[in-house]
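Examination of the molecular architecture
Letter by letter, the chains look like this.
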Number of protein chains: 2
Amino acid sequence: MAGFGVFSVAAGEPRVGWRSGGEVVDLSALGAVFCSDSLNPLMAQGPAAWDDAVGRAREHEGPRSRIEEVTLRLPFEVAGYIDFYSSLEHATNVGRMFRPGADPLPRNWRWLPAGYDGRAGSVAVSGTDVVRPRGQFADEDGAPVFAPSKRLDFELELGFVVGVPSRPGEPIPADRFAEHVFGVVVVNDWSARDIQAWETVPLGPFLGKSFLTSVSAWVTPLSLLEEHRVEAPVQDPPPLPYLAAGRDWALDVDLAVELNGAVVSRGNARTLYWTMPQQLAHATSNGSAVRTGDLMASGTISGPERGSEGSLIELTRNGTEPLELPDGAKRTFLEDGDELVLRANAGGLELGEVRGRVVAPA
Amino acid sequence: MAGFGVFSVAAGEPRVGWRSGGEVVDLSALGAVFCSDSLNPLMAQGPAAWDDAVGRAREHEGPRSRIEEVTLRLPFEVAGYIDFYSSLEHATNVGRMFRPGADPLPRNWRWLPAGYDGRAGSVAVSGTDVVRPRGQFADEDGAPVFAPSKRLDFELELGFVVGVPSRPGEPIPADRFAEHVFGVVVVNDWSARDIQAWETVPLGPFLGKSFLTSVSAWVTPLSLLEEHRVEAPVQDPPPLPYLAAGRDWALDVDLAVELNGAVVSRGNARTLYWTMPQQLAHATSNGSAVRTGDLMASGTISGPERGSEGSLIELTRNGTEPLELPDGAKRTFLEDGDELVLRANAGGLELGEVRGRVVAPA
């Protein structure tokens, strides 16, 4: 595992660290931006400083701690959070379940990377407990109730984090992606499917998502992923000119989901239809600025094969085909006590994991 | 006009001021929280400090400047931005236009205050130019194009600003609204209807809104609106218990919209179906925390009479009945050079205006 994060030891101050295998290297001796409780000061400095920081971090002889001995913090202050919907297979799976007989894809889906603003204040670091949310949803008989969600799910995603801000009115073309983006995190966009289903028309996801979004404690700098870039799947129809570039930014990253220790899904991020540079170009195409700490996530990553879906609602066909775990237990949606881990691996380079245990509401 | 804001004079530092008629009183001598470039430090202190601040601000003999002589800043650092959809008349008008023949209201509309997360980083202070956004939309023949919006609109809203934060997992019941909320602003949720229409299914509003949201430079403390509280319209069906309180928080605030100096709409905020305490209770019902600086806006406020609609798409019946201005000019949507002003008045107490001029994209 490698990447930048923020940690503290015992009652000490938070500082920036470099993950190296099972250890964390304390970088605070390297300068002011490393003596911080977030990566934002480093992220704001831009690509030359980032490359320099990676080089220095790898060689730094600072204090090391075993990962079990440190407290990991949310690695960056989240300025804004946008969640996309960029997996063709995921959008198709969901469309088939909820609009049977119709074209599973919304009519705009192949024309733009669909996305929405999420709740930045609800983003927390891996390891944060997932308190089963209460909310309003339609019960079996269709009547609205307010109760703990019965259909708690995960969503396997990758996200990128903006370092260098832009100004209002200045879109970021896809080919300038790397001038603004610091690195990549693994994201679990926890979802309460019953709350989501009842609220989503006409304004989109809201309380079915905003109880918690978990990100890995480690941000993998973009430069470390350079050799894992591949060409994205062909787009048909070809995108409009403002979305035409950035097709060489699919990431060959193996993904796995573990539920109570058993692998329940395996996929790869290179199957995503829309790439990260296209997402950033679209999100800024109307002149909306980005800020240091903006998080933009891919949306659920599902592959074409059975067993590569990035959510339980897809893996279990909307709860009709329960997963059977090695101990004989069955799952449609998450139960209290379940522990879920998302893992991502780029040719041996492990990205940060995202771990969460479901707990009953107070 | 009365309320707290942030201003600077010439090249001086920003500080907190109190608006009193046509003047701004410099409050920086009153303590550290008033020597700030945002109201957030004051807002975080809670109701007792807010009441004390109002009392001291009104009596303070600090330096005064004419409003024309100061630069007004965004009055608070926006942590998160949620936009609701709480006007029955607006939701009905929009439903009739876009789903003719069907029930104009979504099936969940009378059960919960529908809302979505907006882009906090795009909130700017009154007076900020409205650069006509570019975006993707379906042209006359239905083919997607990327071009400057042809259907630029305004949305007349009131918003409230959170002062005292909450913790994750701790919903804020409607009857504890005043313990957390600092005050009220006027909001213009500028909207590009063509971009919005093309993108909105299935994830809701995104780039059709995120180019700019304007707020008044003055935040009116909740205590000043106390005597303008009235009972909200009866709700049928009665709301679920978690949304039952807060019905005595409709605000008797007269609203007006001026386009190029001519009043084109007049209404009142008391017609809103869902109240601010209900909105806050709903937004936190899943355990999502609020932070100092969270902005939550009402959604477009439209009244039941013709001429009380809070957007051009409603005033002009989706562009089919142009407005005729006193100088003979006609408008369906906003044209470059147009200046739009939102005004709000509670029994003689003016809330801050929201002003914006439309300019062509660069």
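Residues numbered from 1 in each chain as written. Chains lettered and ligands numbered in written order. Predicted model: local features only at pLDDT ≥ 70, side-chain atom pairs only at ≥ 80, totals over all residues. Heavy atoms only, no water.

**Some words on the sheet that holds strand β4 (residues 64–66) of chain A**
All names here are of chain A. An order of β4-β3-β2-β1-β5 is seen for the five strands of this open sheet, with the pairing classed as antiparallel. Both edges of this open sheet fall to β4 and β5 (70–72), since each of them pairs with a single strand only. Sheet twist, expressed as the average angle between the axes of neighbouring strands with direction ignored, equals 45°. Here strand β2 (residues 15–20) pairs with strand β3 (residues 23–26) via four bridges, running antiparallel. Bridge pairing links G17 to D26 in β3. (Pairing = 2+ DSSP bridges. Helix = DSSP H or I, 4+ residues; strand = E, 2+ residues; numbered from the N terminus. Axes fitted to C-alpha atoms, helices over the stretch in contact; angles between N-to-C directions.)

**A word on the domain arrangement of chain A**
All names here are of chain A. Assigned domains within chain A: domain 1 (2–73) and domain 2 (80–359). Taking only C-alpha atoms, the centre of domain 1 and the centre of domain 2 are 27 Å apart. Tallying the contact residues gives 23 residues for domain 1 and 21 residues for domain 2. Buried area between domain 1 and domain 2, summed over both chains or domains, comes out near 1,600 Å², and the portion from carbon and sulfur atoms is 73%. The largest share of the area that domain 1 buries against domain 2 comes from A2, M43 and W50, three residues that together contribute 35% of it. Taken together, the links from domain 1 to domain 2 amount to zero salt bridges. Across the contact surface, domain 1 and domain 2 share one residue pair in polar contact (both at pLDDT 80 or more). Secondary-structure elements contributing two or more residues to the side of domain 1 that touches domain 2 are β1 (2–9), β2, α1 (40–43) and α2 (47–59). Of the residues in the side of domain 1 that touches domain 2, the class split is 14 nonpolar, five polar and four charged. (Domains from an automatic or database assignment. Contact = heavy atoms within 4.5 Å. Buried area = accessible area lost by both parts, 1.4 Å probe. Salt bridge = Lys/Arg side-chain N within 4 Å of Asp/Glu carboxyl O. Polar contact = N/O pair within 3.5 Å; in protein donor to acceptor, adjacent residues only side chain to side chain. Nonpolar A, V, L, I, M, F, W, Y, C, P; charged D, E, K, R; others polar.)

**Structural notes on the relation of the copies chain B and chain A**
Two chain copies here: they are related by a rotation about an axis and a translation along the same axis. Of the transformation superimposing chain B on chain A, the axial component is 0.0 Å and the angular component is 180°, with the fit at an RMSD of 0.0 Å. Both copies are brought into coincidence by an operation consistent with a two-fold rotation axis. Scanning chain B for the C-alpha nearest the rotation axis identifies G204 of chain B, at a separation of 2.2 Å. When the interface residues of chain B are mapped onto chain A, 100% of them again fall at the interface, so both copies present the same face. (Least-squares fit on C-alpha atoms with pLDDT ≥ 70 in both.)

**Re the confidence of the model for chain A**
Taken as a whole, chain A shows an average pLDDT of 97; of its residues, 100% reach a score of 70 or greater. Confidence metrics for the complex model read pTM 0.98 and ipTM 0.97. (pLDDT = per-residue confidence, 0-100.)

**What to know about unusual backbone geometry**
Only a minority of non-glycine residues have a phi that is not negative, and only a minority of peptide bonds are not trans. A cis amide bond links V201 of chain A with the next residue in sequence, P202 of chain A, at an omega value of 10°. Among the structural elements, P202 of chain A can be located in helix α5 (residues 193–203). A cis amide bond links D236 of chain B with the next residue in sequence, P237 of chain B, at an omega value of 5°. On the secondary structure map, P237 of chain B appears in the loop between β18 (229–230) and β19 (250–251). Of note in the backbone geometry, N260 of chain A takes a positive phi value of approximately 50° without being a glycine. Along the chain, the position of N260 of chain A falls in the loop between β20 (254–259) and β21 (262–268). The phi torsion at N318 of chain A lies on the positive side, around 60°, for a residue other than glycine.

**Describing the side chain of T300 of chain B**
Residues and elements named next belong to chain B. Within the element layout of this structure, T300 appears in the loop between β22 (295–297) and α7 (312–315). Residue classification places T300 among the buried positions, given a relative accessible area of 1%. Ignoring any residue separated from it by four or fewer positions in sequence, one finds T300 in contact with S87, H90, E155, L156, E157, G310, S311 and E314. (Buried < 20%, exposed > 50% of the residue type's maximum accessible area, 1.4 Å probe, protein only.)

**Notes on the interface of chain B and chain A**
Taken residue by residue, the interface counts 51 residues in chain B and 51 residues in chain A. For the pair chain B and chain A, the two sides together bury roughly 4,500 Å², of which 57% comes from carbon and sulfur. Sorting the residues of chain B by area buried against chain A places R119, L203 and F206 of chain B first, and these three jointly supply 17% of that buried surface. The tally of links between chain B and chain A comes to two salt bridges. Here R119 of chain B makes a salt bridge to D294 of chain A, at a shortest N to O gap of 2.6 Å. In this structure, the connection of chain B to chain A is made through 22 residue pairs in polar contact (both at pLDDT 80 or more). Going through the elements one at a time, β6 (81–84), β7 (115–117), β10 (134–138), β11 (144–148), α5 (193–203) and α6 (276–283) of chain B are the ones with two or more residues in the side of chain B that touches chain A. Grouping the constituent residues of the side of chain B that touches chain A by class yields 30 nonpolar, 14 polar and seven charged.

**Here we look at α2 of chain A**
Residue and element names in this part refer to chain A. With 13 residues, α2 extends 19 Å from end C-alpha to end C-alpha; this agrees with the ideal 18 Å at 1.5 Å per step. Among the residues of α2, W50, A53, V54 and A57 are the ones counted as buried. An end-on view of α2 places all buried positions within 100° of arc, on one side of the element. Projecting away from the buried face of α2 at angles above 90 degrees are the exposed residues A48 and E59. At its buried positions, α2 is contacted by β1, β2, α1, α4 (177–180), β14 (181–188) and β17 (220–221). (Expected span 1.5 Å × (residues − 1). Arc of directions from axis to C-beta.)

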